[in-house]
Each structure stands twice: as structure tokens, then as C-alpha cells.
Amino acid sequence: MNDGCGAPAGGVTITKDAAGKEAIVEGRVLRDGAPVATGYARLLGTGDEFVAEVPLGEDGGFRFFAAPGEWTLRVLAPGGVRTECAVSADIGQITRVEVAV
Amino acid sequence: MSRSDVLVDADWVEAHIGTPGYVIVEVDEDTSAYDKGHIPSAIKIDWKKDLQDPVRRDFVDKTGFEALLSDRGISNDDTVVLYGGNNNWFAAYAYWYFKLYGHQNVLLLDGGRKKWELESRELSTEVPSRPKTSYTAREQDSALRAMRDEVVAAIGKRNLVDVRSPDEFAGRLLAPAHLPQEQAQRGGHIPTAKNVPWSKAANEDGTFKSDDQLATLYRDEAGVDFGKDTIAYCRIGERSAHTWFVLHEILGQANVKNYDGSWTEYGSLVGVPIEIGEGK
């Protein structure tokens, strides 16, 4: 169990065994094929309802442990970057997303 | 208190870098961000290692807080300017913590680390060295901190504001959605609590919404009675410190406490009432 609620850059790393019990949305943010290491990934629900946010990792990566359902993934980065895409999550499934900015 | 007494913007902080009497402090649970780059002249405080007792689940005591601030070169007369990641959750927690131990002059950078980064402002890897001080703290101000028995007694009498996400409030998730969900305690919320997720008080860039927007959010939309005392809680007390900051410091509500035991304590208590679902 995590002591705090903070979001480490790139999202929390988990074991393969634990992944089977979670609805994971993960991926990377790239600019011209290179990782975007400064920026934020936000998971939003219906009507733009905020769910969670993680700072991007050195590899441009992010990971969420969502409830099963449909979500919007929004990426914020310096230079006014604000882009989004639709993602779905389900228990025991890892939804991988690559976001180009 | 009002917004102008407690919040500063990035331009103000840039103008005060290196100004004697002002100490910029980055606070986070994961301090690797500080190590990669921080606001020039900023020192760091580790939310876990520096502010939590290593054995008991509690804060460092008064002596420990005095030792920490003395070691970091913060004096009683300094103005402490706090900022951090996670939309300033841990910086707001530190703000509340500094107030709890009686530090007079504390400010929060609106938007925290996120806005600073998104605006591509300067970050430094140079770790400043500050001469040690002899800091004297006050006894904890019990008017700011709620303990579990007080929370149970407040059900149906005071405002209880649960600032977690709707899925955590309803019991569908046990932690924010960026964390694994395997937890020991039960899901749900304290009966009569209003669910006002902390995120509704913040703009996308991490800054706080306007006073009018905030008052409308809590009073008019959520039904928080501004004539009553209030206790805010979340899972471990840092997101609710963000809401405590909004209600007590920005909106100037008189009697607002943060329940830092929050759901990891309440949801593990034997015999206390729990409500699940969307709330009533």
C-alpha cells in the first residue's frame, strides 16, 4: 500500500501479478518520435470530470489504475500543448496509448 | 485571511528569488522532481521523511519540527513560500502543517510546480546551502486538526467535506486512479459528507479558481453550510489540506479542520458508520 497519494513521474510501477487485478491505462507521449519528459497526463471522466493526473516520466510514460469504463486522456505540455483521446479500461486489461504532440 | 494574503503568482516568486527573509520550499512525496530541477534557490522538504514520524502514524513532534526548520535554515521571521507537484497537494499540506506549528508568514505559489513547468520557467539543479537557525515552534494548534472521535461526533452536525474523487467517495475505488487499488480498508464515505473533489477547486494549470467560483462550488452546488464548522478529509489528508486551504485561507471560513487520519483511518475503524454510493 502506498503511504501517500502522490503521483510519481511516469506513474506507479506494479508487478505482473498485481496487474491482473487492475484496469490499467498506460502509454507514452512523443514529439517527433522522441519522449516528452516534461508534461502531464490527465484522466477525465464523463463531462470532463477530473479523475487523476501524473507527471510524465523521463520516457514520456504515464500509468493509471482506473475503474472499468470509458475515459478521456488529456496531455498538457509546455508550449500550450493540450491534446486528448478516448480510452477504455477493464479489469485485467492493460490499455496502451501512444500520444503524439 | 483572503487570497491576496496567502497566494502568490510565478512572477512574484521570480522577483523574490534570493531576497533575504524569503525562503522558497518545494514539498512533495516524491522528491525526485526537485532533484531533477527546482525553482532557483528553493530548498526541499520531503513530505514523508521530514514531516511524518518514522514509527507512529503521526507528524513529527514540536521538537522534531524545530530541528527540521533549524537544519534547513528557516527562522521564525522568514516568509516561507511553498510549492510542489500534484497540483500543490503536498505544498498545501505543508502550509497547513506550518500553520499548525504556528509559523506566521507562509505563502503558496498558485499553480505550483505544474504551472511553472508548463510556462517553461527556469529550473535549477543547484542545491542551496543555508546557515542553520534556532527555530522555535508553538504547540500544535488543535483548531486546525480533527481527530477521529471528533469526526464521528460531527456526523450530521457539522459540514463534512469528502474531497476524494466520486469513485472513491462511492466506494468503487479505494485510492486515486493513478495508484493501485489493493487496500486494507472498506470503501465508501462518512455519512452526511458532501463530495466536493479537490480537483473542482483547481483550474487545469493547477491554479485555484476564483473566489466567486469557489463559493458557488461549496455553498451553492454542494450545499456546504458556511454558517457551520467544517471538517475536510480525503485518504491521507493532503488532498483535504488543499481544500482546507481553499475554505480557511482563500474563502476565510472561520472554523475549518483537516482530518489527516482521513479514509485510511476511518475506513479501517471497527464499528463506525459508513455509507456507500453517490451520497444523499
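On a predicted model such as this, the values are computed, not experimentally measured, just so you know.

Many analyses report the size of an interface as the accessible area lost when the parts associate. Residues and elements named next belong to chain B. By the assigned domains, chain B splits into domain 1 (3-118) and domain 2 (148-266). Each of domain 1 and domain 2 has a C-alpha centre, and the two are 22 Å apart. Counting residues at the interface gives 18 residues for domain 1 and 16 residues for domain 2. For the side of domain 1 that touches domain 2, the elements supplying multiple residues, two or more each, are α1 (3-6), α5 (89-100) and α6 (112-118). If one sorts the elements of the side of domain 1 that touches domain 2 by residue count, α5 sits on top with six residues. Its residues assigned to classes, the side of domain 1 that touches domain 2 comprises ten nonpolar, four polar and four charged.

Let us now look at the sheet that holds strand β7 (residues 81-89) of chain A. Residues and elements named next belong to chain A. Strand order in the open sheet formed by four strands is β4-β3-β6-β7, with antiparallel pairing between adjacent strands. In this open sheet, the two edge strands, each paired with only one partner strand, are β4 (50-55) and β7. Averaged over neighbouring strand pairs, the angle between their axes works out to 20° when direction is ignored. The pairing of strand β6 (residues 69-77) with β7 spans nine bridges and is classified as antiparallel. Among the inter-strand pairings, Gly-69 is bridged to a residue of β7, identified as Ala-89.

In terms of nonpolar packing, the biggest core is built from 64 residues, with Leu82(B) and Ala94(B) touching the most fellow members. The biggest single contributor to this core is α5(B), with eleven residues. Summarising the domain contributions, this core has at least three residues from each of domain 1 (3-118) and domain 2 (148-266) of chain B. Every residue in contact with Ala94(B), bar those within four places of it in the chain, is listed here: Val27(B), Ile45(B), Leu51(B) and Leu82(B). The next biggest cluster of nonpolar side chains, apart from the first, holds 34 residues, and it includes Phe50(A), Ala67(A), Trp71(A) and Ala175(B).

Reading guide: rules and limits
Residues numbered from 1 in each chain as written. Chains lettered and ligands numbered in written order. Predicted model: local features only at pLDDT ≥ 70, side-chain atom pairs only at ≥ 80, totals over all residues. Domains from an automatic or database assignment. Contact = placed C-beta atoms within 7 Å. Helix = DSSP H or I, 4+ residues; strand = E, 2+ residues; numbered from the N terminus. Nonpolar A, V, L, I, M, F, W, Y, C, P; charged D, E, K, R; others polar. Pairing = 2+ DSSP bridges. Axes fitted to C-alpha atoms, helices over the stretch in contact; angles between N-to-C directions. Core = buried A, V, L, I, M, F, W, Y, C linked by C-beta atoms within 7 Å. Buried ≥ 20, exposed ≤ 12 C-beta atoms within 10 Å, placed from the backbone.

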